[in-house]
Amino acid sequence: MTEYLSRGRVSAILGPTNTGKTHFALDRMLGHATGMIGFPLRLLARENYDRIVRVKGAASVALITGEEKIIPAHPRWIVCTVESMPLDRRVAFMAVDEIQLCADPERGHVFTDRLLHARGQEETLFLGAETIKPLLRRLIPGIEFITRPRLSKLTYTGPKKLNRLPPRSAVVAFSAAEVYAMAEFVRRQRGGAAVVLGALSPRTRNAQIGMYQAGEVDYIVATDAIGMGLNMDVDHVAFAQLRKFDGRVSRDLAPSEVAQIAGRAGRHMNDGTFGTTSDVGGLAPELVEAVEGHHFAPLKVLSWRNSDLRFTSVEALMASLDRPPDEPGLIRARNADDQVALIHLAAHADIARLANHPERVKLLWEVAQVPDFRKVMADAHTRLLSHLFRHLTGPGRRLPTDWLAKHVARLDRTDGELDTIINRLANVRTWTYVSHRGDWVTDPLHWQGITRAIEDKLSDALHDRLTQRFVDRRTALLVQRMRGDTSLLSAVACTGDVLVEGHYVGRLFGFRFVPDAVEGANAAKAVLAAAARALKPEIAARVERLAAEPDDAFVLAPDGQILWQDDPVARLVAGPEILKPVVEPLASDLLEPGQRERIRKRLADWLNEAISLAFQPLLAARKAPFVGAPRGLVHQLSESLGSLAHYGAGAQVEALTGHDRMKLGHFGIRFGVESVFIPHLLKPSIQHLRALLWTVHEGQPLMDPPGIKVSVIVERPAAFYEAVGYRVVGAQAIRVDMLERFAAEARRLARETKGGFALTPQMLSSLGLGKEGTGQLLTALGYRKLETGWVAGKRGPVGKAKPAGAQRQSDADSPFAVLRGALDQL
């Protein structure tokens with residue numbers, strides 16, 4: 001190694017990605033009194049400048065790029081982009097990174113120029129891929145080589161679906177539209193992705209990569225901009241495309257380009273993998289072998305452009321740019337952007353007239369080198385360059401301040417979509433470049449500050465837009481946290497809102513979690529899984545609280561659900577008897593079997609007590625030591641929830657003795673002519689409970705009882721009305737106690753009135769049936785209408801006893817058949 005680093009030697013450190021070449025070069029540079037290193041990207045230059053500043057201090061290091069210059073009074077080391085290297089400055093150490101870019105058709109001539117002419121007084125290093133080694137040996141006599149092996153292994157894993165890619169993956173495509181589409185998909189499925197495009201400013205690119213590096217997202221979707229020097233902790237690289245547009249044509253990626261991008265996977269000693277997305281298909285075996293083994297065909301030629309330019313005239317300048325190389329292994333570069341711009345500018349007659357002496361020709365060439373960061377070389381950029389040249393050749397030899405201010409001010413806006421902000425960024429970077437030409441603008445430091453502030457503002461806005469569009473921070477965080485066994489920080493507000501790691505994920509209703517709306521099945525799974533883990537302590541605490549609550553903490557809702565703290569926690573289902581429904585806790589993935597049983601038992605105890613209180617008279621009669629007919633009658637009353645038509649219990653009623661009736665009366669059981677009932681169970685509050693118990697037991701839809709109304713039009717099954725204490729007569733249902741009261745009043749009038757009685761206002765109003773309906777009811781009760789009034793007639797018993805297990809008798813057998821028919825006709 002000592003011999004290799006001897007004074008004045010020119011050396012090449014060659015090898016694939018992740019070999020530590022750059023780290024080695026920086027260490028060598030800082031070991032010299034002075035040094036300069038050129039990087040292929042402004043981003044890399046800034047990153048390494050910051051690294052050296054942290055070690056050596058800002059006073060010792062300069063940064064020189066086309067858009068940024070930080071030059072202290074006496075810098076010892078200079079970090080720059082390859083295009084901006086000040087080769088007229090003498091330094092002890094010189095290095096150029098990614099020297100294989102000499103073969104690049106766009107920028108290769110700049111790298112080749114540095115290869116041939118950039119030298120340190122003591123040491124020169126070229127860093128790059130093995131593919132350039134034969135040409136280096138031919139072009140640089142005496143150059144020494146060191147090959148550095150990759151620090152980690154790179155393995156092909158084949159194609160994978162986009163939603164099956166492992167965490168810490170980078171997905172690579174070659175158009176902004178394709179990158180956006182895949183980033184949207186990753187957001188829906190995995191919570192989000194960082195986005196890296198060549199059009200992003202360094203500040204935006206750093207922010208996106210920083211978000212990925214910090215673990216806020218586990219995926220990055222990028223163009224091949226990630227393939228050069230961007231240091232990220234990527235474990236897997238997936239190619240979503242294998243063709244790119246190189247500025248001229250659409251072509252397949254070269255094996256070395258595949259390797260350069262795939263080599264982003266694996267850092268330091270950590271192995272990496274690469275593959276494709278499933279819609280691309282697998283890579284050819286020979287390509288896989290080349291990438292894994294780092295074996296590629298050597299470069300045959302390097303791009304070259306004459307740097308010894310003649311400025312005697314525009315024609316002489318163009319001719320010198322077109323001069324072919326003399327050395328074998330070099331090929332004249334195709335016209336770069338600056339040369340194309342020069343051709344367009346020279347085509348304007350007034351521009352050609354102004355470029356009438358060497359200084360003007362040189363100025364024209366400098367103007368042509370102002371970059372178009374939009375990479376479109378549109379007429380708008382050519383017009384801008386022509387305006388620059390005219391102003392710089394005008395009386396003031398400077399750009400007018402008001403003209404410059406107007407162009408810059410138009411860009412100081414952060415509204416608009418992604419493409420709008422990217423376009424503004426590209427434009428302001430052009431003006432940043434112009435502001436660093438101290439001989440072009442008045443007060444260059446002022447304009448550098450303004451353009452840099454606008455670029456930073458637009459960069460931050462672009463980062464925010466990218467994050468808003470392509471990152472669901474909540475899902476990304478939850479997916480990341482769920483991989484470990486660490487507990488999740490969670491909180492449940494008094495409203496039931498659930499926060500996990502500071503993000504709202506849904507609401508907790510009792511013991512049921514309702515997740516917030518998310519896009520994508522995987523995102524929904526992440527929210528549910530995170531909530532399930534985070535809510536375990538809360539659920540356990542709630543179960544304990546519910547088990548210890550007093551009875552007044554629970555409410556039976558009209559829909560059959562049991563509420564606790566205003567949230568449903570269980571529901572009623574049919575049990576063995578109508579008065580013994582079963583409590584079923586509502587389904588919840590958060591409850592363990594033992595917890596469900598504790599909830600069920602506590603609520604069952606409460607429900608039994610509530611039913612016992614409501615049906616106290618009836619349940620007390622059930623417990624009494626009745627035998628025979630009284631016992632049978634109480635059983636029938638229990639099945640019918642406290643009211644029973646005579647025709648359904650005729651045999652039991654007829655078998656009762658006077659003593660039996662007296663004992664049953666002690667429990668509130670009343671014997672009417674039409675019904676047997678318990679008045680206490682006709683209260684509206686108990687009616688609701690009766691309605692609920694009947695619908696649950698019968699499996700019917702929930703129905704509201706009539707409440708305080710004594711008669712209603714029949715709109716539901718007859719059995720429902722009878723279960724809540726009503727008798728169905730034709731199209732009307734009449735509450736049993738009011739029916740008995742009406743019948744009693746009719747009997748009194750019949751006894752006290754000779755020759756027939758008239759319908760009284762009380763009779764007409766008591767049931768709300770009207771005159772005709774009331775008359776029909778009297779007919780059903782056995783009364784006859786004479787000219788002198790209503791008189792009692794002969795009629796049989798109200799109904800026949802229904803044999804055990806038999807169906808209810810037909811309407812034809814009912815004493816109310818006549819009245820039903822008449823009311824139906826109404």
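Being a predicted model, the structure only gives us computed values, none of them experimental. (Residues numbered from 1 in each chain as written. Predicted model: local features only at pLDDT ≥ 70, side-chain atom pairs only at ≥ 80, totals over all residues. Heavy atoms only, no water.)

### Structural notes on the overall build of the protein
Step number 1: Scanning the protein from terminus to terminus reveals 30 helices and 34 strands.
Step number 2: Relative to a compact globule of 826 residues, whose C-alpha radius of gyration would be 28 Å, the protein shows 46 Å and is clearly more extended.
Step number 3: Seen through its C-alpha atoms, the protein measures out along the principal axes to roughly 145 × 60 × 50 Å.
Step number 4: Here the protein holds 826 residues, and 51% of them are scored as buried.
Step number 5: Pairs at least 24 residues apart make up 65% of the contacts formed inside the protein by residues separated by at least 6 positions.
Step number 6: Averaging the positions of the 106 positive and the 93 negative side-chain charges in the protein gives two centres separated by 3 Å. (Helix = DSSP H or I, 4+ residues; strand = E, 2+ residues; numbered from the N terminus. Rg over C-alpha atoms; globule rule 2.2 N^0.38 Å. Buried < 20%, exposed > 50% of the residue type's maximum accessible area, 1.4 Å probe, protein only. Contact = heavy atoms within 4.5 Å. Lys, Arg positive; Asp, Glu negative; His and termini not counted. Charge placed at Lys NZ, Arg CZ, Asp CG, Glu CD.)

### A look at the sheet that holds strand β24 (residues 561-564)
Step number 1: Here we have 4 strands laid out as an open sheet, ordered β23-β24-β25-β26, and antiparallel in their pairing. With partners counted over all chains shown, the strands left at the sheet margins are β23 (554-556) and β26 (580-585), one partner each. Across this sheet, the average inter-strand angle for adjacent strands is 35°, counted without regard to direction.
Step number 2: When β23 meets β24, the two strands line up antiparallel, connected through 3 bridges. Across the sheet, V555 pairs through a bridge with L563, a residue of β24.
Step number 3: Across the sheet, helix α25 (residues 684-698) touches β23, β25 (567-577) and β26, and the angle it forms with β25 is around 70°. (Pairing = 2+ DSSP bridges. Axes fitted to C-alpha atoms, helices over the stretch in contact; angles between N-to-C directions.)

### Some points on the sheet that holds strand β29 (residues 675-677)
Step number 1: Read from one edge to the other, the open sheet built from 3 strands follows the order β27-β29-β28, with strand pairing classed as antiparallel. Of all the strands in the sheet, just β27 (643-645) and β28 (670-671) have a single pairing partner and so form its edges.
Step number 2: Bridge count for β27 against β29 is 3 bridges, and the pairing is antiparallel. Counterpart to A645 in the pairing with β29 is S675.
Step number 3: Contacts from helix α22 (residues 628-639) reach β27, β28 and β29, with the element oriented near 110° to β27.

### Section: unusual backbone geometry
Step number 1: In this model, R168 sits at a positive phi of 65°, which is unusual for a non-glycine residue.
Step number 2: Inspection of the secondary structure assignment puts R168 in the loop between β9 (154-160) and β10 (169-172).
Step number 3: Despite not being glycine, H294 has its phi angle at roughly 60°, a positive value.
Step number 4: Within the secondary structure, H294 is located in the loop between α8 (285-293) and β17 (302-304).

### Things to note about the environment of V714
Step number 1: Relative to the assigned elements, V714 resides in the loop between β30 (711-713) and α26 (718-723).
Step number 2: According to the relative accessible area criterion, V714 is partly exposed, its value standing at 26%.
Step number 3: Separated by 18 residues in sequence, V714 and Q732 place their C-alpha atoms 5.3 Å apart.
Step number 4: The contacts of V714, once residues within four sequence positions are left out, are Y721, V728, G730, A731, Q732 and A733.

### Brief notes about the packing of aromatic side chains
Step number 1: Taken as a whole, this structure holds 9 aromatic pairs when the rule is applied.
Step number 2: Centroid distance F757 to Y783: 5.9 Å. Interplanar angle 80°. Geometry classified as edge-to-face. Placement of F757 in the loop between α27 (736-752) and α28 (761-766) and of Y783 in strand β33 (residues 783-786) is noted, with a sequence separation of 26 residues between them.
Step number 3: The buried category is assigned to F757, whose relative accessible area is 3%.
Step number 4: Through a chain of ring-to-ring contacts, the aromatic side chains of W694, F720 and Y721 assemble into a single cluster.
Step number 5: Stacked on the ring of F145, the Lys or Arg K133 has its end atom at 5.2 Å from the ring centre. (Phe/Tyr/Trp six-rings, centres within 6.5 Å; stacked < 30°, edge-to-face > 60°. Lys NZ or Arg CZ within 6 Å of the ring centre and 35° of its normal.)

### Comments concerning the nonpolar core
Step number 1: Within the largest apolar cluster, 70 residues are counted, with the highest numbers of intra-cluster contacts made by F511, F513, L579 and F615.
Step number 2: Not counting residues up to four positions away in its chain, the partners in contact with F511 are I539, R542, V543, L546, W564, V569, S588, L590, L591 and I599.
Step number 3: The next biggest cluster of nonpolar side chains, apart from the first, holds 60 residues, and it includes Y180, V370, L384 and L404. (Core = buried A, V, L, I, M, F, W, Y, C linked by side-chain atoms within 4.5 Å.)

### Comments concerning the pattern of salt bridges
Step number 1: Counted according to the given criterion, the structure contains 42 salt bridges.
Step number 2: Its salt-bridge partner being D415, residue R413 comes within 2.6 Å of it at the nearest N-O pair.
Step number 3: In this structure, the salt-bridge partner of R748 is E745, at a minimum N-O distance of 2.7 Å. Taken together, the positions of R748 and E745, both in helix α27 and 3 residues apart, correspond to about one turn of that helix. (Salt bridge = Lys/Arg side-chain N within 4 Å of Asp/Glu carboxyl O.)

### Focus: the environment of G560
Step number 1: Checked against the element boundaries, G560 lands in the loop between β23 and β24.
Step number 2: Since its relative accessible area comes to 2%, G560 is described here as buried.
Step number 3: Leave out the neighbours within four places in its chain, and G560 touches A570, R571, L572, L692 and L702.

### Points about helix α20 (residues 593-614)
Step number 1: The end-to-end C-alpha distance of α20, which contains 22 residues, comes to 31 Å, matching closely the 32 Å that a straight helix rising 1.5 Å per residue would cover.
Step number 2: For α20, the set of buried residues is Q595, I599, R602, L603, A604, W606, L607, I611 and A614. (Expected span 1.5 Å × (residues − 1).)

### Here we look at the side chain of N427
Step number 1: Position of N427 relative to the elements: it lies in helix α15 (residues 418-435).
Step number 2: Setting aside chain neighbours within four positions, we find N427 in contact with R374 and L411.

### Observations concerning the packing of α20 against helix α21 (residues 616-623)
Step number 1: Relative orientation of the contacting elements α20 and α21 amounts to 95°, with a least axis distance of 5 Å. One finds that α20 runs roughly perpendicular with respect to α21. Listed contacts from α21 to I611, S612, L613 and A614 of α20 are Q616, P617 and L619.
Step number 2: Classifying every residue of the contact of α20 with α21 by side-chain character gives 5 nonpolar, 2 polar and no charged. (Parallel < 35°, antiparallel > 145°, perpendicular 65-115°, else oblique. Nonpolar A, V, L, I, M, F, W, Y, C, P; charged D, E, K, R; others polar.)

### Quick notes on the side chain of D338
Step number 1: You can see D338 is positioned in helix α10 (residues 337-346).
Step number 2: Only 2.9 Å separates the side chain of D338 from the side chain of R305, close enough to count as a polar contact.
Step number 3: In this structure D338 touches R305, W365, A368 and Q369, once residues within four positions along its chain are discounted. (Polar contact = N/O pair within 3.5 Å; in protein donor to acceptor, adjacent residues only side chain to side chain.)

### A few points about the state of the cysteines
Step number 1: All chains considered together, the criterion is met by 0 disulfides.
Step number 2: Looking at the unpaired C80, the closest cysteine sulfur is the one in C102, lying at 16 Å.
Step number 3: Classification of C102 as buried rests on a relative accessible area of 0%. (Disulfide = S-S within 2.5 Å.)

### With respect to the confidence of the model for the protein
Step number 1: Of the residues in the protein, 92% reach a pLDDT of 70 or more, and the chain-wide mean stands at 87.
Step number 2: Segment residues 1-7 is flagged for pLDDT under 50; beyond a separation of four residues in sequence, or across chains, it makes 17 contacts in the model.
Step number 3: Counting interchain partners and residues more than four positions distant, the pLDDT-below-50 stretch residues 796-826 has 53 contacts. (pLDDT = per-residue confidence, 0-100.)

### Thoughts on the environment of N18
Step number 1: Structurally, N18 is set in the loop between β1 (9-14) and α1 (21-30).
Step number 2: By relative accessible area, which is 15% here, N18 ends up buried.
Step number 3: Contact partners of N18, with chain neighbours within four places excluded, come to R150, L151, S152, G266, R267 and H268.

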